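Architecture at a glance
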Amino acid sequence: MKVKIPKEIRLLTHTYKIRSSSKETRASGAMALSRHLHQDIIIDKATMPRSEYEQAFFHEVLHVIERHFSMNFTDEDIDRLAEGLVAILFDCLGIELDWSQIKEE
Ligand SMILES: [Zn+2]
């Protein structure tokens, strides 16, 4: 089953834009970013392999959940949770992500 990644995701009252910008991720030195002040999640579709930006996307989504549910994980815990989530969604449920709405800026 294909699931289209929307341009925005909403968690509780918070709406985060989903963007792709290799320029911004590189400038920050990160593979992906979640910025609570700007309410966006930025991945790098342009230069990263698909498996990496998909894992990075879930990593950032988990940071958003962590923030708004007042949890406190290490970044390594977030990575492990993201890998676990990806394994369940992709390998067990057969979900594929459709990134066609998220254009590199
Ligand atoms: Zn992180």
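Above this text is the structure in question.
Residues numbered from 1 in each chain as written. Predicted model: local features only at pLDDT ≥ 70, side-chain atom pairs only at ≥ 80, totals over all residues.

Running from N to C, helix α2 (residues 50-68) and helix α3 (residues 75-92) point in directions that differ by 120°, and their axes come no closer than 8 Å. Classified by the angle their axes make, α2 and α3 are oblique. Considering how the two elements wind past one another, α2 and α3 form a crossing that is right-handed. Across the interface between the two elements, Glu54, Gln55, Phe58, His59, Leu62 and His63 from α2 touch Ile78, Asp79, Leu81, Ala82, Glu83, Leu85 and Val86 from α3. Its residues assigned to classes, the contact of α2 with α3 shows seven nonpolar, three polar and three charged. (Axes fitted to C-alpha atoms, helices over the stretch in contact; angles between N-to-C directions. Helix = DSSP H or I, 4+ residues; strand = E, 2+ residues; numbered from the N terminus. Parallel < 35°, antiparallel > 145°, perpendicular 65-115°, else oblique. Left-handed = near helix turned anticlockwise from the far one by under 90°. Contact = placed C-beta atoms within 7 Å. Nonpolar A, V, L, I, M, F, W, Y, C, P; charged D, E, K, R; others polar.)

Tracing the backbone shows Ser51 in helix α2. Placed 35 residues apart in sequence, Ser51 and Val86 show a C-alpha to C-alpha distance of 9.4 Å.

This part is about the pairing of strand β3 (residues 14-20). Remark: a regular strand shows side chains that alternate across the two faces of the sheet. One ladder, built from four bridges, connects strand β2 (residues 8-11) with β3; its direction is antiparallel. The partner of Glu8 across the bridge, within β3, is Lys17. The turn linking β2 back onto β3 is made up of two residues, and Leu12 within it adopts a positive phi angle of 55°. With four bridges joining them, β3 and strand β5 (residues 40-43) adopt parallel strand pairing. (Pairing = 2+ DSSP bridges.)

If you look at the biggest cluster of nonpolar residues, it comprises 12 residues: Ala32, Leu33, Ile41, Ile42, Ile43, Tyr53, Ala56, Phe57, Phe58, Val61, Leu62 and Ala82. Discounting residues that sit within four places of it in the chain, Phe57 has contacts with Ala32, Ile41 and Ile43. (Core = buried A, V, L, I, M, F, W, Y, C linked by C-beta atoms within 7 Å. Buried ≥ 20, exposed ≤ 12 C-beta atoms within 10 Å, placed from the backbone.)

For the rest of this paragraph, the subject is the environment of Leu62. Here Leu62 lies in helix α2. A sequence separation of 19 residues divides Leu62 from Leu81, and the C-alpha atoms of the two residues are 7.9 Å apart. Leu62 has contacts with Ile78, Leu81 and Ala82, leaving out every residue within four places of it along the chain.

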